[in-house]
Amino acid sequence: MLTLASKLKRDEGVKTGRSTGGPSDSSHRVSIRDRLLIKEVAELEANLPSTCKASFPDENKLHHFRLAVSPDEGYYQSGKFQFEIDVPEAYNMVPPKVKCLTRIWHPNIAETGEICLSLLREHSIDGTGWAPTRTLKDLLNFDDPLNIDAAEHHLRDKEDFRNKVQDYIKHYAR
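Computed from a prediction, not measured in an experiment: that's the story for all the values here.

Conventions and cut-offs
Per chain, residues are indexed from 1 in the order of the written sequence. Note on the predicted model: pLDDT of at least 70 is required for a residue's local features to be given, and 80 or more for side-chain atom pairs to be given and counted; whole-chain, interface and lining totals, by contrast, use all residues. Water and hydrogen atoms play no part in the side-chain values, which are based on all heavy atoms of the structure. Working definition: helices are DSSP H or I runs of at least four residues, strands are E runs of at least two. Numbering for both runs from the N terminus. Per-residue accessibility, obtained with a 1.4 Å probe over protein chains only, is compared with the maximum for each type, and a residue is labelled buried under 20%, exposed over 50%, and partly exposed between these values. What makes two residues a contact is simply this: any of their non-hydrogen atoms within 4.5 Å. The arc refers to the directions leading from the helix axis to the C-beta atoms. Polar contact is the term for a pair of N or O atoms within 3.5 Å; when the atoms are in protein, one must be able to donate a hydrogen and the other to accept it, and sequence-neighboring residues count only if both atoms are side-chain atoms. For the purposes of this section, nonpolar cores are sets of buried Ala, Val, Leu, Ile, Met, Phe, Trp, Tyr and Cys residues that join through side-chain atoms within 4.5 Å. UniProt positions are given in the numbering used here, feature names are shortened, and annotations may be inferred rather than shown by experiment. One requirement defines pairing of two strands: DSSP has to find at least two bridges between them. Interaxial angles span 0 to 180 degrees and are taken between N-to-C directions of axes, which are lines fitted to C-alpha atoms, for helices over the stretch in contact. Put simply, a salt bridge is a Lys or Arg side-chain nitrogen that is within 4 Å of an Asp or Glu carboxyl oxygen.

Engineer: Please provide a residue-by-residue account of the overall build of the protein, values included.
Structural biologist: Per the secondary structure count, the protein includes 4 helices and 4 strands. Secondary structure elements of the protein occur, N-terminal to C-terminal, as α-α-β-β-β-β-α-α. The burial tally for the protein puts 40% of its 174 residues in the buried class. A fraction of 53% describes how many contacts in the protein between residues 6 or more apart in sequence connect residues 24 or more apart.

Engineer: Quick one: what's the story with helix α3 (residues 148-156), residue by residue and with numbers?
Structural biologist: Given 3.6 residues to a turn, an α-helix orients residues that are three or four positions apart in the same direction. When we look at burial in α3, the residues that qualify are Ala150, Ala151 and His153. Along α3, the residues classed as buried sweep out an arc of 160° about the axis, all on the same side. Of the exposed residues in α3, the ones pointing more than 90 degrees away from its buried face are Ile148, Asp149, Leu155 and Arg156. For α3, the elements touching its buried residues are α4 (158-172). Measuring from the side-chain oxygen of the N-cap residue of α3 to the backbone nitrogen of Asp149 gives 3.3 Å; that N-cap residue is Asn147.

Engineer: Talk me through the nonpolar core; I want residue IDs and the actual numbers.
Structural biologist: Soluble globular proteins tend to bury their nonpolar side chains together. The biggest cluster of nonpolar side chains holds 34 residues, and the ones touching the most others in it are Phe65, Leu67, Phe83, Ile115 and Leu136. Among the elements of the structure, α2 (32-47), β1 (52-55), β2 (64-69), β3 (81-86), β4 (97-100) and α4 are those that each provide at least two residues to this core. Examining the composition of this core, we find that 4 residues originate from one element, α4, more than from any other. Not counting residues within four places of it along the chain, the set of residues in contact with Leu136 comprises Leu37, Glu40, Val41, Leu44, Phe65, Val87, Tyr91 and Pro96.

Engineer: Please provide a residue-by-residue account of the UniProt feature "active site" (unreviewed entry) in the protein, values included.
Structural biologist: When the UniProt feature table is mapped onto this chain, "active site" (unreviewed entry) is found at Cys116. Here Cys116 is to be found in the loop between β4 and α3. With a relative accessible area of 10%, Cys116 lands in the buried category.

Engineer: Could you give an account of the sheet that holds β4, with specific residues and numbers?
Structural biologist: Pairing within the open sheet is antiparallel, and its 4 strands lie in the order β1-β2-β3-β4. Because the sheet does not close on itself, it has two edges, and the strands there are β1 and β4. The mean angle between the axes of side-by-side strands here comes to 20°, regardless of whether they run parallel or antiparallel. As paired strands, β3 and β4 are joined by 4 bridges and run antiparallel to one another. In the strand pairing of β4, Phe83 is matched with Cys100.

Engineer: Quick rundown of the pattern of salt bridges? Include the residues and the values.
Structural biologist: With the rule as written, the count across this model stands at 4 salt bridges. Here Asp34 makes a salt bridge to Arg33, at a shortest N to O gap of 3.1 Å. Each member of the pair, Asp34 as well as Arg33, carries the same accessibility label: buried. Across the pair Glu111 and Arg103 runs a salt bridge, and its minimum N-O distance is 2.8 Å. Each of Arg33, Asp34 and Glu89 takes part in one network of salt bridges that share partners.

Next up, the structure:
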């Protein structure tokens, strides 16, 4: 992350006429998305619960990262779940793309990894969809059904639902 912050500092120097010794062509410009992400990633990391950890495969690409979640309570306790977050160039006008890489039995997550959150939709009927005022920290809320079978299973038989979740954890989330 320091590398991207260094780019920002160098670009500011070029804009104001203070050269930092690096080239000043357009290939070194930092996008609005990346400027926002420097602040938002720091805020996200500062607010992550101890059961979550963000990792960046390439420290120069804050727009692509993973979030590891290891719940310490509830149905998903003892599981280790990986999420991939891609922040598009048009961020913050459009939401990030989030996918669960770990197979999971969850009302808000399809078995293929798609996640249903109102705030991940650009346009939402209920008014809770993505808005430019939202930040990455808002992604930590998971309250929107997608996997209808899992949601109905939870409503119909909570104990059997818990057993199925534990079975998935044993097979996919260790």
